[in-house]
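# Inside the fold
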Protein chains: 2
Amino acid sequence: MTNQELMTEVIALAREKMLAGEGGPFGAIITRDGDIIARGWNRVTSLNDPTAHAEIVCIRAACTALQSFDLSGCELFVNCEPCPMCLAAAYWAKLARIVYGADQQDAAAIGFADAAIFTELTRDAGQRSLPMQQIMAQEARSGMRLWLEMEQKTPY
Amino acid sequence: MTNQELMTEVIALAREKMLAGEGGPFGAIITRDGDIIARGWNRVTSLNDPTAHAEIVCIRAACTALQSFDLSGCELFVNCEPCPMCLAAAYWAKLARIVYGADQQDAAAIGFADAAIFTELTRDAGQRSLPMQQIMAQEARSGMRLWLEMEQKTPY
């Protein structure tokens, strides 16, 4: 399938699931070697899950399909530029490329906070609208360093 | 429970689940009015889910417990500063406050990409290591604008 065919399908999927009451107007497809391996759509309100953005749902489905947490070589098609949560998830999943339609300003124009959250993330912790407080750094750090000493582990 | 008691429990949870082979050394607790309503821990490798960070797992559990996608007033305790995926998820979930232990540099010191992904997200799309391409913006935008016209919908 061409990029345009895949994007056309994503736009139709987003519309269908929005009209079905699943959540916001967002859809996603992940491909490997040009074949579709997973579809996802926004399910925030229908699942009561604020993390159930189309991309997150689709990444999880693709990982289930491949039985792997590593989507190296796979490509993500979305009808709107990923929000910071989904873009960071794309990095963790090691996706090879993202093809998107509308952008974060278009999302803002229909009432979504993607652009605002991008701005928040670029601020120093003390300047964000969501208060963050650091405590017990030394104890936390000591615990985390056990990871380095573990012999039987799966790195990711 | 005090902040210190909650952080002590999170550090212990992170250690316990890491040693059990669930995933990386990260744990989370969400409280409401001082009571624990959900726990989460990293399950990336055991679930084959790159989005299964402690905070995401915990946010989903808290939302299931409250039957809501809105965690306004709730607080997140984590043994390490949230990565961009999890921090953005905290905004989407409308969490009131984050208390964390170690920071993203500590995560980098044990081999995790949190700080690197933060840097990627602050770059313009064209400068990122993950290639992004925009196509069919007009068609995608038109589809998304149907959201504004939908009368029976649940805003989030």
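Preceding block: the structure.
Predicted model only: the values in this text are computed from it and were never measured. (Residues numbered from 1 in each chain as written. Chains lettered and ligands numbered in written order. Predicted model: local features only at pLDDT ≥ 70, side-chain atom pairs only at ≥ 80, totals over all residues. Heavy atoms only, no water.)

### Side note on the packing of aromatic side chains
If you walk through the whole model with that rule in mind, you get eight aromatic pairs over all chains. Centre to centre, the rings of A:Trp147 and A:Tyr156 are 6.3 Å apart; their planes meet at 70°, and the pair counts as edge-to-face. Both residues of the pair, A:Trp147 and A:Tyr156, count as buried. Taken together, A:Phe26, A:Phe112, B:Trp147 and B:Tyr156 form an aromatic cluster joined through their ring pairs. Its guanidinium or amino end placed over the ring of A:Trp147, A:Lys153 lies 5.0 Å from that ring's centre, counting from NZ or CZ. (Phe/Tyr/Trp six-rings, centres within 6.5 Å; stacked < 30°, edge-to-face > 60°. Buried < 20%, exposed > 50% of the residue type's maximum accessible area, 1.4 Å probe, protein only. Lys NZ or Arg CZ within 6 Å of the ring centre and 35° of its normal.)

### Some remarks on the pairing of strand β1 (residues 27-32) of chain B
All names here are of chain B. The buried fraction of β1 amounts to five of the six residues, a majority that puts the element mostly inside the structure. Two strands pair when backbone bridges link them, and β1 and strand β2 (residues 35-41) are joined in this way by six bridges, in the antiparallel orientation. Within β2, the residue paired with Arg32 across the bridge is Asp35. (Helix = DSSP H or I, 4+ residues; strand = E, 2+ residues; numbered from the N terminus. Pairing = 2+ DSSP bridges.)

### Observations regarding the interface of chain A and chain B
On the chain B side, the residues contacting the 83 residues of chain A number 83 residues. Taken together, both faces of the contact between chain A and chain B bury some 7800 Å²; the carbon and sulfur share is 70%. If you look at where chain A meets chain B, you find four salt bridges. We note a salt bridge from B:Asp49 to A:Arg60, for which the minimum N-O separation is 2.8 Å. Inspection of the region where chain A meets chain B yields 22 residue pairs in polar contact (both at pLDDT 80 or more). Class assignment of the residues belonging to the side of chain A that touches chain B gives a composition of 51 nonpolar, 19 polar and 13 charged. Looking at chain direction, strand β5 (residues 132-134) of chain A and strand β4 (residues 97-102) of chain B are connected through three bridges and run parallel. Within the sheet, the bridge partner assigned to A:Gln133 lies in β4(B) and is B:Val99. (Contact = heavy atoms within 4.5 Å. Buried area = accessible area lost by both parts, 1.4 Å probe. Salt bridge = Lys/Arg side-chain N within 4 Å of Asp/Glu carboxyl O. Polar contact = N/O pair within 3.5 Å; in protein donor to acceptor, adjacent residues only side chain to side chain. Nonpolar A, V, L, I, M, F, W, Y, C, P; charged D, E, K, R; others polar.)

### Some remarks on the environment of B:Ala62
Residue and element names in this part refer to chain B. Relative to the assigned elements, Ala62 resides in helix α3 (residues 54-66). For Ala62, a relative accessible area of 0% translates into the label buried. Non-local contacts of Ala62, meaning those with residues more than four positions away in its chain, are made with Ile30, Ile37, Ala38 and Leu71.

### Considerations on helix α4 (residues 84-92) of chain B
Most of α4(B) is tucked away: nine of the nine residues are buried. What α4(B) keeps buried is the set B:Pro84, B:Met85, B:Cys86, B:Leu87, B:Ala88, B:Ala89, B:Ala90, B:Tyr91 and B:Trp92. Buried residues in α4(B) make contact with α4 (84-92), α6 (114-122) and β5 of chain A together with α3, β4 and α6 (114-122) of chain B. One or two steps after α4(B), the chain reaches B:Lys94, where phi turns positive at roughly 65°.

### Considerations on the sheet that holds strand β5 (residues 132-134) of chain B
Sheet strands pair by backbone hydrogen bonding; their relative direction is either parallel or antiparallel. Strand order in the open sheet made by the five strands is β2(A)-β1(A)-β3(A)-β4(A)-β5(B), with mixed pairing throughout. Two strands close off the open sheet at either side, each with one partner strand: β2 (35-41) of chain A together with β5 of chain B. Averaged over all adjacent pairs, the angle separating strand axes in this sheet is 20°, with direction ignored. Against the sheet, helix α1 (residues 3-19) of chain A engages β1 (27-32), β2, β3 (75-80) and β4 (97-102) of chain A together with β5 of chain B, with an angle of about 55° to β3(A). (Axes fitted to C-alpha atoms, helices over the stretch in contact; angles between N-to-C directions.)

### Brief notes about the relation of the copies chain A and chain B
Under the fitted operation, chain A is carried onto chain B by 0.0 Å of movement along the axis and a turn of 180°, and the coordinates agree to an RMSD of 0.0 Å. Such a turn and shift between the copies fits a two-fold axis. Taking the C-alpha atom as reference, chain A places A:Met85 closest to the rotation axis, 1.9 Å from it. A share of 100% of interface residues in chain A that are also interface residues in chain B marks the association as one of identical surfaces. (Least-squares fit on C-alpha atoms with pLDDT ≥ 70 in both.)

Geometric values such as these leave the question of function open.
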